[in-house]
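# Fold and contact review
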Amino acid sequence: MNRAIKYRIYPTEEQQVLFAKTFGCCRKVWNLMLDERETVYLTEGRSCRPTPAKYKKEYPYLKEVDSLALANEQLSLEQAYSLYFKVKGAGHPKYKSRKGSRASYTTNNQNGTVAVDAERGLIRLPKAGMVKAKLHRRPEKGWKLKSATVSMTKSGSYYCSVLFEFDREVKPVEHPEDNAIGLDYKSNGLYADSEGNVCGSPKYYRKTQQKLAKAQRKLRHKIRGSSNYRKACRKIAKVHEHIANQRKDFLHKKSAEIANQYDMACVESLDMKTIANKGFGNGKATLDNGYGMFLNLLEYKLADRGKVFVKIDKWYPSSQICSCCGTVHPDVKVLSVRKWTCPDCGAELDRDVNAAVNVKKEGIREYLSA
Ligand SMILES: [Zn+2]
């Protein structure tokens, strides 16, 4: 099993300079390798696989940074090409620009070159040495450190995502269907569950949204390109990052709650919902509320505990079935119908909760028949 933990790090000025150099060198070798591959292909009609080492003579500054970071650029370029050749619709590898690309690099652990010092709150990285870190979570005994990815956000905060590998035997929970929950996606919140609970978005969202609006208003009065303008941009980036962090935190908490309390969670696959929502003009809400990320977190948290995650069939009409008597009512398909009464059995149904109950039933059925 693999697990990544992302730590906030606080590099010294000297280390920040080195990181900036490393980001730049990674971009440079990526572009050089891409250019060479393209040129050779166009002029000689053959493919080639250049390595970062061959550019070090012409660009000696490449020697100043972590060589494994450069080697990983080669690997990811290979991956980008194989994706491009194999998967229909995947884009051709692109050149990386200073502005458009992510400021990050990945390095590998070779016998302790990368290490987490939990006692002193430090992370060791090749060339950079010991970097101060906030170790909010410690790796467990027996976890093997594989690699680390250093990144800088737009507002200038640094993170180090450390990847660990470990063996763990998880005993599967018996009869998870006896303690199952169904979840239905909610475009103006997160989900409604089969127990009748509705999980909206947390209250502090509105507060940070106001902060964002204020920061954006301030930007309008600044002169483009001035140092005050740049400062205001950084401020906006900071609020955006804060919102993203709050959301991630919220999704972690909610998924952990469910994974602790239930042995099985049944959900609908999201792509169907996205399609369904497009026609109603609220596609933005779908992309915003992090449901996809929530499902990923929930899936691995359940797996960690030997529990079951079921994604039910795409075309199951969860919102049109009366969860009491099981008859299908296609006329309630429109999203505006929030509450309805079943003409067959007279049950009073809330759209979201009813759908969640159906998702649960269908999930259990699919699990038991698999
Ligand atoms: Zn009914």
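Residues numbered from 1 in each chain as written. Predicted model: local features only at pLDDT ≥ 70, side-chain atom pairs only at ≥ 80, totals over all residues. Heavy atoms only, no water.

Now for the pattern of salt bridges. Applying the stated criterion across every chain, the model contains 19 salt bridges. The salt bridge partner of K253 is D249, with a shortest N-O separation of 3.3 Å. Of the two residues, K253 and D249 are both situated in helix α4 (residues 227–261); the distance of four residues between them amounts to about one turn of the helix. Across the pair E362 and R365 runs a salt bridge whose closest N-O atoms are separated by 2.9 Å. Taken as a pair, E362 and R365 lie in helix α8 (residues 351–369) at a separation of three residues, close to a single helical turn. According to the relative accessible area criterion, R365 is partly exposed, its value standing at 49%. It is possible to trace a salt-bridge network through shared partners that takes in R3, E140, R168 and D304. (Salt bridge = Lys/Arg side-chain N within 4 Å of Asp/Glu carboxyl O. Helix = DSSP H or I, 4+ residues; strand = E, 2+ residues; numbered from the N terminus. Buried < 20%, exposed > 50% of the residue type's maximum accessible area, 1.4 Å probe, protein only.)

The next point concerns unusual backbone geometry. Look at K127: it is not a glycine, yet its phi comes out positive at around 70°. Residue position: K127 is located in the loop between β4 (122–125) and β5 (129–134). Given the relative accessible area of 52%, K127 is considered exposed. For H175, which is not glycine, the phi dihedral falls at a positive 45°. Among the secondary structure elements, H175 is positioned in the loop between β7 (158–165) and β8 (180–185). In this structure H175 comes out as exposed when scored by relative accessible area, which is 52%.

For the zinc ion, the full set of protein donor atoms is C322 (SG), C325 (SG), C342 (SG) and C345 (SG), at a range of 2.3 to 2.4 Å. Around the zinc ion, the four donor atoms are arranged such that angles at the metal cover 106 to 113°; this shape is classified as tetrahedral. Spacing between the donor residues of the zinc ion along their common chain follows C-x2-C-x16-C-x2-C. Taken as a pair, C325 in the loop between β12 (308–312) and β13 (339–341) and C345 in the loop between β13 and β14 (348–350) lie far apart in primary sequence, 20 residues in all. Residue C345 is classed as partly exposed on the basis of its relative accessible area, which comes to 37%. (Donors = N, O, S within 2.8 Å, 3.2 Å for Na, K, Ca; no water. Tetrahedral: all angles 85-135°; square planar, octahedral: opposite > 155°, others 65-115°.)

This part takes up the domain arrangement of the chain. Size of an interface, as often reported, equals the accessible area lost when the parts are brought together. Here the chain is partitioned into domain 1 (2–165) and domain 2 (176–200 + 248–369). The C-alpha-based centres of domain 1 and domain 2 are spaced at 38 Å. (Domains from an automatic or database assignment.)

So, about the pairing of β8. The buried fraction of β8 is high, at six of six residues. Side chains A180, G182 and D184 of β8 all project onto a buried face; the interleaved residues I181, L183 and Y185 project onto the opposite face, where all are buried too. As paired strands, β8 and strand β11 (residues 264–268) are joined by three bridges and run parallel to one another. Directly across from I181, in β11, lies its bridge partner A265. In this structure, β8 lies alongside strand β9 (residues 191–193), joined through three bridges in antiparallel fashion. In the sheet register, L183 faces β9, and the bridge partner there is D193. With antiparallel pairing between neighbouring strands as the criterion, β8 and β9 make up a hairpin whose turn holds five residues. (Pairing = 2+ DSSP bridges.)

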